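# Structural features, examined
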Amino acid sequence: MSFYERQVLPRLLNRVCGATGVEPLRRRACADLTGQVVEIGFGSGHNVPFYPAGVTEVSAVEPAELSWRLAARRLATARVPVRRSGLDGQSLPFADDSHDAALSTWTLCTIPDVAAALREVRRVLRPGGTLHFLEHGLAPDEEVRRWQRRLDPLERRLVGGCTFTRPIVDLVTAAGFTIRQLEVFYQEGSPRFSGAASLGVAVSG
Ligand SMILES: C[S@@+](CC[C@H](N)C(=O)[O-])C[C@H]1O[C@@H](n2cnc3c(N)ncnc32)[C@H](O)[C@@H]1O
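Remember, it's a predicted structure, so these values are computed and weren't measured experimentally. For every chain, the first residue of the written sequence is number 1, and numbering continues from 1 onward in sequence order. Local features in a predicted model are, by the rule used here, given only for residues with pLDDT of at least 70; side-chain atom pairs are given and counted only at 80 or more, and totals for whole chains, interfaces and linings are based on all residues. As a rule here, side-chain values cover all heavy atoms of the structure and leave hydrogens and water aside.

### Topic: the overall build of the protein
The test is simple: Strands are runs of DSSP state E lasting at least two residues, helices are runs of H or I lasting at least four, and both sets are numbered from the N terminus onward. Here the globule rule is a power law, 2.2 Å times the number of residues to the power 0.38, and the radius of gyration is based on C-alpha atoms. Note on contacts: a residue pair is in contact if any heavy atoms of the two residues lie within 4.5 Å. What sets the accessible areas is the Shrake-Rupley method with a 1.4 Å probe; for residues, cover comes only from the shown protein chains.
Looking only at helices and strands, one finds seven helices and seven strands in the protein. The secondary structure elements of the protein, listed N-terminal to C-terminal, are α-α-β-β-α-α-β-β-α-β-α-α-β-β. Relative to the globule expectation of 17 Å for 205 residues, the C-alpha radius of gyration of the protein, 16 Å, shows essentially globular dimensions. By its C-alpha atoms, the protein is 45 × 35 × 30 Å across when sized along the principal axes. For the protein, the proportion of contacts with a sequence separation of at least 24, taken over those separated by at least 6, is 69%. Here the protein has roughly 10,000 Å² of accessible surface; of this, 53% comes from carbon and sulfur atoms.

### Details of helix H1 (residues 3-17)
Quick reminder of the rule: By this rule, a helix spans an expected 1.5 Å times one less than how many residues it contains. To get the bend at a residue, fit one axis to the 7 residues ending there and another to the 7 starting there, then take the angle between the axes. Accessibility here uses a 1.4 Å probe with only protein chains present; expressed as a share of the type maximum, an area under 20% marks a residue as buried, one over 50% as exposed, and anything in between as partly exposed.
Taking 1.5 Å per residue, 15 residues should reach 21 Å; H1 reaches 20 Å between its end C-alpha atoms and fits that length. The largest bend in H1 comes to about 40°, at Leu-9, with the proline Pro-10 one to four residues further on. All buried positions along H1 are accounted for by Leu-9, Pro-10 and Asn-14. Lining the buried residues of H1 we find helix H3 (65-70), helix H4 (72-76) and helix H6 (142-158).

### With respect to the pattern of salt bridges
Our working definition: Note on definitions: salt bridges are taken to be side-chain nitrogens of Lys or Arg within 4 Å of carboxyl oxygens of Asp or Glu.
Throughout the structure, instances matching the rule amount to eight salt bridges. One salt bridge connects Arg-123 with Asp-96, and the closest N-O pair in it is separated by 2.8 Å. Of this pair, Arg-123 sits in helix H5 (residues 114-124) while Asp-96 sits in the loop between strand E3 (82-86) and strand E4 (99-105); the two residues are 27 residues apart in sequence, bridging distant segments of the chain. Classification of Arg-123 by relative accessible area gives partly exposed; the value is 26%. Arg-149 serves as the salt-bridge partner of Glu-142, at 2.5 Å between the closest nitrogen and oxygen. The exposure class of Glu-142 is partly exposed, given its relative accessible area of 39%. By sharing partners, the salt bridges in this structure join Asp-96, Glu-120 and Arg-123 into a single network.

### Topic: the site of the ligand
Here is the rule we go by: Whether a residue is near a molecule or strand is decided by its heavy atoms; if any one of them lies within 4 Å of it, the residue is near. For this analysis, a polar contact is any N or O atom pair within 3.5 Å, provided that within protein one partner can donate a hydrogen and the other can accept it, and provided that sequence-adjacent residues contribute only side-chain to side-chain pairs.
Residues in close proximity to the ligand total 16 residues, the closest being Arg-26, Gly-41, Glu-62, Gly-89 and Thr-105. Taking Gly-89, its main chain carries an N or O atom lying 2.8 Å from a nitrogen atom of the ligand. For the ligand, a nitrogen atom lies 3.4 Å from a polar atom in the side chain of Thr-107. For the ligand, whose unbound accessible area comes to 600 Å², protein coverage reaches 89%.

Shown next as structure tokens:
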């Protein structure tokens with residue numbers, strides 16, 4: 001990892017992801033999480049205040065050391081135990097069927113092999129377990145998609161490999177999940193190219 005990726009990007013993401021405007025969306029993404037939960041791309045823990053009472057423990061998966069350290073304040077007030085348990089969503093160090101639910105917020109855009117990560121999430125979820133996702137991705141409108149394709153190279157360079165053009169729902173279903181709830185919308189306060197959001201729950205069969 002470069003100096004920028006180790007020292008600058010985690011601070012930048014902590015700021016951007018900490019925007020209070022997205023808190024209602026985080027609350028909705030976390031609603032009904034239950035039991036043993038794996039959160040991929042834990043970042044600096046901005047979902048921690050929204051874990052519901054039914055969560056018994058969270059396995060946090062996050063490669064960036066500094067992001068984990070920036071989570072300290074939120075972790076200190078967490079109502080459920082959160083353990084940093086892995087570094088890479090593409091290869092989860094958990095047994096098959098070991099988790100009841102999974103959470104991914106603004107992370108599937110960045111993991112290099114997103115199909116591998118979704119396969120791993122499915123492997124570690126028990127049958128009937130749920131993936132709760134809140135992600136930006138490929139916009140529904142062609143005009144916005146054109147901008148997303150234009151801006152993707154810059155986004156990738158500046159934001160650690162993040163891309164605007166992943167078809168999130170298609171990726172989730174291709175991994176073998178069944179969509180149970182879904183809302184696709186443009187996030188208020190964001191440009192459309194970065195705010196094309198999918199908020200949903202998918203069930204592992
Ligand atoms: C835009 S941030 C979102 C952080 C957090 N999920 C949130 O909502 O605030 C994307 C996160 O994905 C993490 N990430 C990147 N590659 C990853 C990988 N291979 N496995 C798991 N997480 C990864 C980054 O370190 C970063 O913390």
